[in-house]
Amino acid sequence: MAIEHSVIMSVLSSLECRTNFTIKKITEYMLPQLKEPVYLHGSARDCQLVIRPAYEVFLADLSGLEGVKHKQGYFHNNEMTRFPKRVQKSLNGIHYGLAFKFEDEAAVKRFIKRLIGIINGE
């Protein structure tokens, strides 16, 4: 069973992730004490966290966490302005990242803590 949007928002707040903006169905968060963005996309039960595509080398590690599921391929959205662009269908390119879904609050916490550990070289 997928976790609800509001629950992910409260977990991110409890982990001291700062929110920068919300446009349409995208909310940008910064990880605590880091200038590393993650995006929360969606509403109600159809939501996912999106991270930079540079973390693709850690995909097995992140998706191997209990309750975490990687959505195949890349997630594209013009509002994820801190992420790189790639040319897909338009001439200008579109921002993209890796999307993950979660089963429960504990899975979101494990994911964020592991992502911070990867960024800090742990």
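Residues numbered from 1 in each chain as written. Predicted model: local features only at pLDDT ≥ 70, side-chain atom pairs only at ≥ 80, totals over all residues. Heavy atoms only, no water.

A. Local environment of the overall build of the protein. When you go through the protein residue by residue, the secondary structure sums to three helices and eight strands. Mapped from its N terminus to its C terminus, the protein presents α and β elements in the order α-β-β-β-β-α-β-β-β-β-α. Compactness check: the protein gives a C-alpha radius of gyration of 14 Å against a globular reference of 14 Å for 122 residues, within 12% of the reference. With the C-alpha coordinates aligned to their principal axes, the bounding extent of the protein is approximately 40 × 30 × 30 Å. Of all 122 residues assigned to the protein, the portion counted as buried reaches 47%. Restricting the contact set of the protein to residue pairs at least 6 apart, pairs at least 24 apart contribute 57%. Carbon and sulfur atoms form 51% of the exposed surface of the protein, whose accessible area is close to 6,700 Å². (Helix = DSSP H or I, 4+ residues; strand = E, 2+ residues; numbered from the N terminus. Rg over C-alpha atoms; globule rule 2.2 N^0.38 Å. Buried < 20%, exposed > 50% of the residue type's maximum accessible area, 1.4 Å probe, protein only. Contact = heavy atoms within 4.5 Å. Areas by Shrake-Rupley, 256 points an atom, 1.4 Å probe, with all protein chains shown as cover.)

B. View of the side chain of His-76. Position of His-76 relative to the elements: it lies in strand β6 (residues 75–76). For His-76, the side chain forms a polar contact with the side chain of Arg-86, separated by 3.2 Å. When neighbours within four sequence positions are excluded, His-76 is seen to be in contact with Arg-86, Gln-88, Ile-94, His-95 and Tyr-96. (Polar contact = N/O pair within 3.5 Å; in protein donor to acceptor, adjacent residues only side chain to side chain.)

C. Here's a closer look at the environment of Leu-15. With respect to the helices and strands, the residue Leu-15 is situated in the loop between α1 (5–14) and β1 (18–23). Placed 101 residues apart in sequence, Leu-15 and Ile-116 show a C-alpha to C-alpha distance of 11 Å. Beyond its immediate stretch of four places on either side in the chain, Leu-15 contacts Pro-32, Lys-109, Ile-112 and Lys-113.

D. Up close: the pattern of salt bridges. Under the counting rule described, the total for this entry stands at five salt bridges. Among the ionic pairs, Glu-79 bridges to Lys-24, the shortest N-O distance being 3.8 Å. Placement of Glu-79 in the loop between β6 and β7 (85–86) and of Lys-24 in the loop between β1 and β2 (26–30) is noted, with a sequence separation of 55 residues between them. When the shortest N-O distance is used, the salt bridge between Glu-28 and Arg-82 registers 3.0 Å. Of this pair, Glu-28 sits in strand β2 while Arg-82 sits in the loop between β6 and β7, and the two are 54 residues apart along the sequence. (Salt bridge = Lys/Arg side-chain N within 4 Å of Asp/Glu carboxyl O.)

E. Expanded view of helix α3 (residues 105–119). Counted at 1.5 Å a residue, the expected span for α3 with its 15 residues is 21 Å, and the 21 Å between its end C-alpha atoms agrees. Summarising the contacts, the buried residues of α3 are in contact with α1, β3 (37–43), β4 (46–51), α2 (59–63), β5 (68–70) and β8 (94–102). Positive phi shows up at Gly-121, right after α3, with a value of about 80°. (Expected span 1.5 Å × (residues − 1).)

F. Main features of the pairing of β1. Of the strand pairs in this sheet, β1 and β2 are connected by five bridges, and their pairing is antiparallel. Note on β2: the bridge partner recorded for Thr-22 is Thr-27. Here β1 folds back onto β2, and the loop between the two strands holds two residues, one of which, Lys-24, carries a positive phi near 55°. (Pairing = 2+ DSSP bridges.)

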